[in-house]
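Listed below are the residues making up each chain.
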Amino acid sequence: MSIKKTYTTTIKPFDIFQKEKLAEKWLTLERNSDCSVFLSWQWIGNWLDVVTDKLFLVEAYHDDKVVGLGFFVETTRKVFGCIPVKQWWLHRTGIQQQDQMWIEYNDFLLDKSCSIAIREEMIKAVADFAPSIKEIIIGLSASERLACFTNSFTKLNFLEASLVKTNGYLASLSRLKGDYLNKTPSKNTRSQITRSKKMLQSQGQLTFEVFSNPQKLVELYAKLANIHIDKWQDTNEGSGFSNPIFEGFHKAIALSNTNNTVQIAVLTLNEVELGYLVNFVYNNRVYFYLSALQQNADNKVKIGLTLHSEAIQYYTQQGIESYDFLGGDARYKKSLSDGKYNLEMKCYYRDDFILRLECKLKNFKMKFIAIITKYLK
């Protein structure tokens, strides 16, 4: 007869002065987990320095061994502009300027040998901790992981609302055996990559390099930031490099790059840098985070496609398992990948009259706008 494991879960306020003591515990569990780079101590440890609101640490133990860890940030929002509602955000703050680093694959840090059971216990502990916490926001998370949260919160009589939905794309490198160009992109995409590379090579010396030295990374960030700002400054979110919190965070993780997690790929023509890719390399996977590309007058020269194809072939030769483009439906991501997945952010909220009313009104508004939009067309 099998004996069911029992877990002890504690939740307590976290002071940033406890960070050094927690680091060893987090790193020990990280080695026993199957987490993404966004739950590594390199990411989370530097994220903690950004948080200004109240933090709570959730810890799960089996006997004396830590098997689950996670942070919630407590905030308050106003429903209908006047009714305060307390929220808990998992590894986010709810403040756009502090969340612009944009965590993906969000989850608790869990021991991979019993992750499903631990997650369920941690969710129950969070739900029971303080009835005054009305909303718990999780994401962006892979849909299959988020389904575990949904199942657990539903059992606890929470309702749910979807906040963000997007697709993610990746190239599975382990099965390509070094032949990425002939096995993944479409014929049209292969043609564009080949033509672009030949056109660039006809103009001189074309080189591709990958850097991970901390001081070099900081130097490259300063260069690519200007290009990134020029491209994104007029959009709704703008460039992260216009945000000192975002910029400081990435400088910090670059300077703590002891395991070469942060890598910047650079495409250079005649000693002129044409484009940059910021990648995170972690647990034998590459996570493409952002790019900064110089504009080219000839639209047949595809700096981005050329740079990504060079990077993918480079990492294939390094024996990397996958090249993950992360969230977003950009055409180039679809063209260069052979896998698609879903990412979502959800709000789980208590069965409260005001929150249910707000949700119904929001749904009514969305349907009304959709009808009007259709009518106007």
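Residues numbered from 1 in each chain as written. Predicted model: local features only at pLDDT ≥ 70, side-chain atom pairs only at ≥ 80, totals over all residues. Heavy atoms only, no water.

> Could you give an account of empty space enclosed by the protein, with specific residues and numbers?
Scanning the entire structure with this criterion turns up 2 cavities of 30 Å³ or more. Computed from the structure, the largest cavity encloses a volume of approximately 60 Å³. What lines the largest cavity is simply Trp43, Trp47, His91, Arg92, Gln98, Asp99, Met101, Trp102 and Ile103. If you list the elements that add at least two residues to the lining of the largest cavity, you get helix 2 (41–48) and helix 3 (96–99). Tallied by class, residues from the lining of the largest cavity come to 5 nonpolar, 2 polar and 2 charged. Of the volumes computed, that of the second largest cavity is approximately 30 Å³. (1 Å grid on protein atoms, 1.4 Å probe; cavity = no way out; pocket = protein on both sides within 12 Å on 5 of 7 lines; lining within 4 Å. Points joined across faces, edges and corners; volume = space filled by probe spheres on them. Helix = DSSP H or I, 4+ residues; strand = E, 2+ residues; numbered from the N terminus. Nonpolar A, V, L, I, M, F, W, Y, C, P; charged D, E, K, R; others polar.)

> Break down the pattern of salt bridges for me, citing the residues and quoting the values.
Under the criterion given, the structure shown has 20 salt bridges. Across the pair Arg119 and Asp107 runs a salt bridge whose closest N-O atoms are separated by 2.8 Å. Residue Arg119 is found in helix 4 (residues 115–129), and its partner Asp107 is found in the loop between helix 3 and strand 5 (109–110); the two are separated by 12 residues along the sequence. Put simply, Asp128 and Lys124 hold a salt bridge, and the shortest N to O gap is 2.9 Å. Here Lys124 and Asp128 lie together in helix 4, a separation of 4 residues that amounts to about one turn. (Salt bridge = Lys/Arg side-chain N within 4 Å of Asp/Glu carboxyl O.)

> Go over the nonpolar core, please, and point to the residues and values.
Within soluble globular proteins, side chains that are nonpolar tend to cluster in buried spots. Counting 63 residues, the largest nonpolar core has Trp43, Ile44, Trp47, Phe71, Leu224 and Ile264 as the members making the most contacts within it. Looking at this core, the element that brings in the most residues is helix 8 (residues 214–232), giving 7 residues. The contacts of Ile44, once residues within four sequence positions are left out, are Trp26, Phe38, Leu39, Phe71 and His91. (Core = buried A, V, L, I, M, F, W, Y, C linked by side-chain atoms within 4.5 Å. Buried < 20%, exposed > 50% of the residue type's maximum accessible area, 1.4 Å probe, protein only. Contact = heavy atoms within 4.5 Å.)

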